[in-house]
Each structure stands twice: as C-alpha cells, then as structure tokens.
Amino acid sequence: MEKGLQPEKWKGYTIDEIQYQKALVLLRLEMQKERLASVRNGSAAFMSGRFGKVLSAVSSHKSIFAYLFAGYKLYTLISRLRQNLKRKK
C-alpha cells in the first residue's frame, strides 16, 4: 500500500441496494414455495425426469403435431434406455 492511501471506510448500503436484496429474497421465497407445493402434490419427483417432461408436453399441447413429436421423443427415450440396459449386461 502506498503512503497516503487509506482504505475507504464502509458507509453502509444504499436504498437501491437494499431494495434489490429484498427483491432477490422475495423471489427466492416464492420459488421455494412453488417447489414445496409441487412436492406436496407428489408431482415434482415424477415430472422432473425426461419421461415427466414428455408427459407434460403431451398434456399441455393439443395439436396432432405435438402428439407426434412427444411420441417420437418417448420412442427415442425408450430405445436409449434399452440400449443402455443391453450394454450393462
């Protein structure tokens, strides 16, 4: 450290910084509430995997193309699982 240079003393947070931190904490709180609600419903563990994503895609879309695409994804997922199981034996 050079002579004459002193580290600045901390003067605290500004109002903007406090509001930003509060917004972040509230956002994290809401995200945790949603996670807890989904766990309580029993759908979080099931819907977090690939199969759950395919099922949620099928249930959320109504067009024929969406069903065909979801079926294709399901087929590729099952075929990959079968190949992995054959390799392990």
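Parameters and conventions
Residues numbered from 1 in each chain as written. Predicted model: local features only at pLDDT ≥ 70, side-chain atom pairs only at ≥ 80, totals over all residues. Heavy atoms only, no water. Patch = residues over 30% accessible without salt bridge, like charges linked within 9 Å, V, L, I, M, F, W, Y side chains within 5 Å. Areas by Shrake-Rupley, 256 points an atom, 1.4 Å probe, with all protein chains shown as cover. Salt bridge = Lys/Arg side-chain N within 4 Å of Asp/Glu carboxyl O. Helix = DSSP H or I, 4+ residues; strand = E, 2+ residues; numbered from the N terminus. Buried < 20%, exposed > 50% of the residue type's maximum accessible area, 1.4 Å probe, protein only.

*Asks:* Describe in detail a nonpolar patch on the surface, supporting the description with residues and values.
*Replies:* Side chains of Trp10, Tyr13, Ile15 and Ile18 sit close together on the surface and give an oily, nonpolar patch of about 550 Å² of accessible area. Inspection of the secondary structure assignment puts Tyr13 in the segment before helix H1 (15-41). Under the relative-accessibility criterion, Tyr13 is labelled exposed at 58%.

*Asks:* Can you lay out the pattern of salt bridges for me, pointing to particular residues and giving the numbers?
*Replies:* All chains considered together, the criterion is met by 1 salt bridge. Ionic pairing is found between Lys33 and Glu30, a salt bridge with its closest N-O pair at 3.7 Å. Of this pair, Lys33 and Glu30 are both found in helix H1, 3 residues apart, which corresponds to roughly one turn of the helix. Residue Glu30 is classed as partly exposed on the basis of its relative accessible area of 41%.

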